[in-house]
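Architecture and fold: a report
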Amino acid sequence: MKILVTGGLGFIGSHTTVELQNKGYEVIIIDDLSNSTEKVLDGIVAITGKRPTFEKLDLKEKSKVEDFFKRHQDIVGVIHFAASKAVGESVEKPLLYYENNIGTLVYLLKELSQKNNSSFIFSSSCTVYGQADKMPITESAPVKAAESPYGNTKQMGEEIIRDTCKVTPGINAIALRYFNPMGAHPSAEIGELPIGVPQNLVPFITQTGIGLREQLSVFGGDYPTTDGTCIRDYIHVVDLAKAHVVALERLLNGKNSENYEVFNVGTGTGSTVLEVIKSFERVSGKKLNYKIVDRRPGDITSAYADTTKANKVLGWKAESTLDEAMKSAWLWEQKVRK
Ligand code: WQD
C-alpha cells in the first residue's frame, strides 16, 4: 500500500518513513527541502535498503498538489509532517506560518475529500495545551490560547481537520500531539539536523558536548519544580515514529471509533533540564559546560503526557528510556561531526 509522507526528509518524517518501510509499506515523500536535504534519502536507504520515491514539491502551490494527486491516485494514506516549526520565528513571521502550515493543510484535505476513503495522520503538538493546570496532561485537558503563531497553527490545524471530518465521512483522521521529540535512529544514519544555532535543548546539549557550542544556557533556575528548571516529556524519535505507523494502521484497518481522534504521544515521564543534562553526562562520560541564566519568554513550567489513551486505545507505548534516547542523540552528533 502506498503512503504519502509530506515533510518526509525532516527529522520525524524520515524516522517514520523507515518504520513504514519496515512494515512493508511503499512510501512516497514530498518535501520542499526548505529545512532538509536529499542526503537524508541515502540515510533511509542505508537502514532499510529501500529508496522511497521522492518529489520535491512546495505544498503551497495548489496546482502542483492537484497534479501530484492526479498522478498518484493509489495513495491510501497520508502522514502530514510538512510545516514550519520554529516557535520564535513564527512570532516574527506569522503570515509565513499561516500560509505554510494552514494553506498546505487545506489543499491536502481538499484532495483527500475527492477520495471515497483515505487515512490522514496530522502532526500536532502538546503546545496546544499551553501551561496545563494538571499533570500529567490528558487529551481532555483544555486547549489554551496559543502563545505563538506556530502553536496557533497546530490548534487551527486540528480544528480544520475536525470540521472537515464532520462533513466528509471518507476521511478518517488522527491528530498526534507530540511532546518533546529527541534522539536519532540507533544506526546513526538519520537524526536531527538543526540548521544554524539549535533552538531545542537536546541538540544544543550534544553540540556543546562535541565542542561546537561553548556553553549551554539553562533558561531559568527559579521555576516551581524539584530543581528549579522546567519539566518536559522527552520521547525517543523512533518511539514517536512507531506511534505514527500504529495510528495509520488503526485507520487503514477501520479500528477507529470516530473519524477524527486525538492522542498524546509522550513517555508519561517528566524530566527537568538539569536531569537531561545529567543524562547526557552519564551516557557520554563528559562533563557538560552550562550556566543557569534568565528564563526564556514564553516557556511553560511543566508538560508531560498522560499516556493512558495511547496505551489502551491506540495500543502503543514508548519503549526507550531518557538515557537510551540521549545515547542515540550523542552517537548521531559524533557521526555528523566526523
Ligand atoms: C525544552 C526545555 C527550555 C534550549 C518546543 C516547541 C514544541 C516542539 C519542541 C516543534 C525548556 C530549555 C532549551 C536551551 C534551555 N517544537 N532550554 N536551553 O520549548 O519544550 O518545545 O520545541 O514541534 O512545539 O514548543 O522545547 O527543546 O526548546 O526546550 O534551557 O538552549 O529546555 O527552557 O524548558 P520546548 P525546547
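What follows deals with the sheet that holds strand S3 (residues 53–56). Strand order in the open sheet formed by 7 strands is S3-S2-S1-S4-S5-S6-S11, and the pairing between neighbours is parallel. On the outer flanks of this sheet lie S3 and strand S11 (260–265), each paired with one strand and no other. Across this sheet, the average inter-strand angle for adjacent strands is 20°, counted without regard to direction. Note that strand S1 (residues 2–6) and strand S4 (residues 75–80) share 5 bridges and pair parallel. Bridging across to S4, Leu4 finds its partner in Val78. Against the sheet, helix H6 (residues 149–167) makes contact with strand S5 (118–125), strand S6 (171–178) and S11, and its axis sits at roughly 155° relative to S5, the strand it touches most.

So, on to the site of the ligand. With respect to spatial proximity, 18 residues lie near the ligand, and among them Thr127, Tyr150, Leu201, Arg232 and Asp299 are the closest. Here an oxygen atom of the ligand sits 3.2 Å away from a polar atom, N or O, in the side chain of Ser125. Leu201 is positioned with one of its backbone polar atoms (N or O) 2.8 Å from an oxygen atom of the ligand. Protein chains bury 89% of the 690 Å² of accessible surface belonging to the ligand in isolation. Of the residues assigned to the shell around the ligand, the class counts are 9 nonpolar, 6 polar and 3 charged.

In this section: the nonpolar core. One finds Leu20, Ile29, Ile121, Leu176 and Trp316 to be the most contacted residues of the largest nonpolar core, which totals 36 residues. Ranked by residues supplied to this core, first place goes to helix H8 (residues 237–252) with 8 residues. Listed in part, the 23 residues of the second largest apolar core include Leu57, Val65, Leu105 and Cys165.

Let us now look at the pattern of salt bridges. Scanning all chains against the criterion turns up 21 salt bridges. For Arg51, the salt bridge goes to Asp42, with nearest N and O atoms at 3.4 Å. Asp42 sits in the partly exposed class, given a relative accessible area of 42%.

Here Leu193 lies in the loop between strand S7 (180–182) and helix H7 (201–209). For Leu193, a relative accessible area of 45% corresponds to the partly exposed category. Those residues in contact with Leu193 that sit more than four places away from it in its chain are Val40 and Trp332.

Applying the stated rule across the entire model yields 2 aromatic pairs. Between the aromatic rings of Phe68 and Phe69, the centroid separation amounts to 5.5 Å while the plane-to-plane angle is 80°, which identifies the pairing as edge-to-face. According to the relative accessible area criterion, Phe68 is buried, its value standing at 0%. For Phe69, a relative accessible area of 5% corresponds to the buried category. For the ring pair Phe280 and Trp330, a centre distance of 5.0 Å and an interplane angle of 85° mean the geometry is edge-to-face. With Phe280 in helix H9 (residues 273–284) and Trp330 in helix H11 (residues 322–336), this residue pair connects regions lying 50 residues apart in the sequence. The burial state of Phe280 is the same as that of Trp330; both residues are buried. Directly above the aromatic system of Tyr223 lies the positively charged group of Arg295, at a separation of 3.9 Å from the ring centroid. Cation over ring: Lys309 sits above Phe263, and NZ or CZ is 4.8 Å from the ring centre.

Most of H7 sits inside the fold, with 9 of its 9 residues counted as buried. Turning to H7, its buried residues are Leu201, Val202, Pro203, Phe204, Ile205, Thr206, Gln207, Thr208 and Gly209. Among the structural elements, S7, strand S8 (216–219), strand S10 (234–236), H9 and H11 are those in contact with the buried residues of H7. Gly211 sits one or two residues past H7 and shows a positive phi near 95°.

Along a regular strand, successive side chains alternate from one face of the sheet to the other. In terms of burial, S6 is largely enclosed, as 8 of its 8 residues are buried. With burial as the criterion, each face of S6 is covered, one bearing Ile171, Ala173, Ala175 and Arg177 and the other bearing Asn172, Ile174, Leu176 and Tyr178. Looking at chain direction, S5 and S6 are connected through 8 bridges and run parallel. Following the sheet pairing, Ser118 is matched in S6 by Ile171.

Here we come to the environment of His185. Relative to the helices and strands, His185 is located in the loop between S7 and H7. It is 31 Å that separates the C-alpha atoms of His185 and Met156, two residues lying 29 residues apart in sequence.

Here Thr208 is to be found in helix H7. The exposure class of Thr208 is buried, given its relative accessible area of 8%. What Thr208 contacts, discounting residues up to four positions off in sequence, is Arg213, Glu214, Gln215, Leu216, Leu288 and Asn289.

Parameters and conventions
Per-chain numbering applies: the sequence of each chain, read as written, is numbered from 1 onward. Local features in this predicted model are restricted to residues of pLDDT 70 or higher, and side-chain atom pairs are both shown and tallied only at a pLDDT of 80 or more, whereas totals for entire chains, interfaces and linings draw on every residue. Each side-chain value is worked out from all heavy atoms of the structure, with water and hydrogens disregarded. Strand pairing is assigned whenever DSSP identifies at least 2 bridges connecting the two strands. Going along the chain from the N terminus, every DSSP run of H or I of four or more residues is numbered as a helix, and every run of E of two or more is numbered as a strand. Angles run from 0 to 180 degrees between N-to-C directions of axes, and those axes are lines fitted to C-alpha atoms, restricted for helices to the stretch in contact. We call two residues in contact when some of their heavy atoms are within 4.5 Å. Nearness of a residue to a molecule or strand requires only that one of the residue's heavy atoms be within 4 Å of it. Polar contact is the term for a pair of N or O atoms within 3.5 Å; when the atoms are in protein, one must be able to donate a hydrogen and the other to accept it, and sequence-neighboring residues count only if both atoms are side-chain atoms. Note on areas: Shrake-Rupley, 1.4 Å probe, and residue coverage restricted to the protein chains presented here. Note that Gly is not counted as nonpolar here; it falls among the polar residues with everything else outside the nonpolar set of Ala, Val, Leu, Ile, Met, Phe, Trp, Tyr, Cys and Pro and the charged set of Asp, Glu, Lys and Arg. Residues grouped as a nonpolar core are buried Ala, Val, Leu, Ile, Met, Phe, Trp, Tyr and Cys residues, joined through side-chain atoms within 4.5 Å. A 1.4 Å probe rolled over the protein chains alone gives each residue an accessible area, and that area as a share of the maximum for its type sets the label: buried under 20%, exposed over 50%, partly exposed in between. A side-chain nitrogen of Lys or Arg and a carboxyl oxygen of Asp or Glu constitute a salt bridge if their distance falls within 4 Å. In summary, the pairing rule links any two rings of Phe, Tyr or Trp, Trp by its six-membered ring, whose centres are within 6.5 Å, and it sorts them by plane angle into stacked for under 30 degrees, edge-to-face for over 60 and tilted for everything else. Each ring is checked for a lysine NZ or an arginine CZ that lies within 6 Å of its centre and within 35 degrees of its normal; such an atom marks a charge sitting over the ring.

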